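Read off the chains here:
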Amino acid sequence: MEDNQKSAQSAAGKQRGSGAGPQLRPKDAATLILIDRSGSEPALLMGKRHSAHAFMPDTYVFPGGRRDRGDGYVPAADKLHPAVEEKLMNRMPKPASAFRARALAIAAVRETFEEVGILIGGPGPAIRHQDWSAFAHRSLAPRLSPLRYVARAITPPGRTRRFDTRFFACFRDEIGYADAISSTELLDLKWVGLSEVGDVEMPRITQAIITELVNELSNDPSLPFGRPVPFYQARYGRFVRELL
């Protein structure tokens, strides 16, 4: 396990910002690692970003994106696990609040539907916003209770886009075995077995976070809520790993 953690730090540490770009403030973002544990080994849902994207084109990533201003006002079918909410608020830039933590989780659910067509929902209050029409037509609202908070990473300074990304994870069987559908955001969707991760072109920070996830799953396959969360951010041109 210690060797795996060192390799995660090394993979992330090699990802440097050029320092030549504008000093942008990171935007809140959320992504979801969907885990299928029905086979001989866990598999993760990933898709290839379109070549036209300014940020990480032609690489395989998890569904996700920026938190929208309205995400925090979307009614949900249930609540975040208390330990997840607490971890999300730890080291959260001001203003830190449970409202903002909830909005990040809702953003992960929304982006997952928009990018891969998987709806994580349950019976709940009606949603009137057009971005949530697929939920509303089914009398569903986003479910937050299955989401674990498993990692956080901030894009280094000098990049064309900067995000403060919270990585959530949940198991496919906890939300139903919905089939993923490619979109204009993510192409060539595939379930990548943990032993196949090295064969897929992906950002180094994604590799590092998958290594963290492998460690956690080996320690406890149920991926318990509230475990320490690895936090990667740049200091003096190099990623540093901390625990939240």
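I keep staring at the overall build of the chain and nothing clicks. Help me out?
A tally of regular secondary structure across the chain gives six helices and 11 strands. Within the chain, buried positions represent 49% of all 244 residues. Counted over contacts in the chain with a minimum sequence separation of 6, partners at least 24 positions apart contribute 69%. Here the chain has roughly 11700 Å² of accessible surface; of this, 49% comes from carbon and sulfur atoms.

Would you mind going over the pattern of salt bridges with me for this structure?
Any two side chains of opposite charge can pair, given that their charged atoms come close. Scanning the model with the defined rule gives 19 salt bridges in all. In this structure, Asp 188 and Lys 190 form a salt bridge, with 3.8 Å as the shortest nitrogen-oxygen distance. In this structure Asp 188 comes out as partly exposed when scored by relative accessible area, which is 41%. Looking at Lys 190, the relative accessible area reads 31%, which means it is partly exposed.

Looking at this model, I keep getting lost on the pairing of strand β7 (residues 148-154). Mind explaining?
A regular strand places its side chains so that they alternate between the two faces of the sheet. Counting buried residues in β7 gives seven out of seven residues, a clear majority hidden from the surface. As judged from the six bridges shared by β7 and strand β8 (residues 163-171), these two strands associate in the antiparallel manner. Counterpart to Arg 152 in the pairing with β8 is Arg 166. Strand direction decides the pairing type here: β7 and strand β10 (residues 230-235), joined by two bridges, are parallel. Bridge pairing in β10 places Arg 152 opposite Phe 231.

Just to check I follow, could you spell out the packing of aromatic side chains for this structure?
Describing an aromatic ring pair means giving the distance of the ring centres and the angle of the ring planes. Applying the stated criterion across every chain yields a total of five aromatic pairs. Relative to Phe 168, the ring of Tyr 149 lies with its centre 6.0 Å away and its plane at 40°, an arrangement referred to as tilted. Of the two residues, Tyr 149 sits in strand β7 while Phe 168 sits in strand β8, which places them 19 residues apart along the sequence. Taking relative accessible area as the criterion, Tyr 149 reaches 7% and is therefore assigned buried. Here the aromatic cluster, defined as three or more aromatic residues joined through ring pairs, consists of Phe 113, Trp 132 and Phe 135. The ring centre of Phe 171 lies 3.7 Å from the NZ or CZ of Arg 37, which sits over that ring. Positioned above the aromatic ring of Phe 225 is the side chain of Arg 148, whose terminal nitrogen or guanidinium carbon lies 4.5 Å from the ring centre.

Just to check I follow, could you spell out helix α3 (residues 98-116) for this structure?
Each full turn of the α-helix corresponds to 3.6 residues, which orients residues three or four apart in the same direction. Its 19 residues give α3 an end-to-end C-alpha distance of 27 Å, which sits within 8% of 27 Å, the value for a rise of 1.5 Å per residue. Where burial is concerned, most of α3 is hidden: 14 out of the 19 residues are buried. Looking one or two residues past α3, Gly 117 carries a phi angle of roughly 75°, positive in sign.

Quick question: what am I supposed to make of the pairing of β8 here?
Among the nine residues that make up β8, nine are buried, leaving the element largely enclosed by the rest of the structure. Here strand β1 (residues 27-36) pairs with β8 via nine bridges, running parallel. Its bridge partner being in β8, Ala 29 is matched across the sheet by Thr 165.

What exactly am I supposed to notice about the environment of Ala 105 here?
For Ala 105, the location among the structural elements is in helix α3. Among residues more than four places away in sequence, those in contact with Ala 105 are Leu 80, Leu 144, Leu 147 and Phe 168.

Could you clarify how one ought to interpret helix α2 (residues 82-89) in this entry?
The set of residues buried in α2 consists of Ala 83, Val 84, Lys 87 and Leu 88. For α2, the arc enclosing every buried residue in end-on projection is 135°, short of the 170-degree limit, so these residues lie on one face. Looking at α2, the residues exposed on the side facing more than 90 degrees away from the buried face are Pro 82 and Glu 86. Structurally, α2 contributes buried residues whose contacts are with α3, β7 and β8. Where α2 ends, the next residue or the one after it, Arg 91, has phi of about 65°, a positive value.

Before we go on, may I ask you to explain the side chain of Arg 166 in this structure?
Along the chain, the position of Arg 166 falls in strand β8. Arg 166 sits in the buried class, given a relative accessible area of 0%. There is a polar contact of 2.7 Å between the side chain of Arg 166 and the side chain of Asp 28. If we ignore the near neighbours within four places in the chain, the residues touching Arg 166 are Asp 28, Ala 29, Ala 30, Thr 31, Leu 88, Met 92, Pro 93, Leu 104, Tyr 149, Ala 151 and Arg 152.

About the thresholds
- Residues numbered from 1 in each chain as written.
- Predicted model: local features only at pLDDT ≥ 70, side-chain atom pairs only at ≥ 80, totals over all residues.
- Heavy atoms only, no water.
- Helix = DSSP H or I, 4+ residues; strand = E, 2+ residues; numbered from the N terminus.
- Buried < 20%, exposed > 50% of the residue type's maximum accessible area, 1.4 Å probe, protein only.
- Contact = heavy atoms within 4.5 Å.
- Areas by Shrake-Rupley, 256 points an atom, 1.4 Å probe, with all protein chains shown as cover.
- Salt bridge = Lys/Arg side-chain N within 4 Å of Asp/Glu carboxyl O.
- Pairing = 2+ DSSP bridges.
- Phe/Tyr/Trp six-rings, centres within 6.5 Å; stacked < 30°, edge-to-face > 60°.
- Lys NZ or Arg CZ within 6 Å of the ring centre and 35° of its normal.
- Expected span 1.5 Å × (residues − 1).
- Arc of directions from axis to C-beta.
- Polar contact = N/O pair within 3.5 Å; in protein donor to acceptor, adjacent residues only side chain to side chain.

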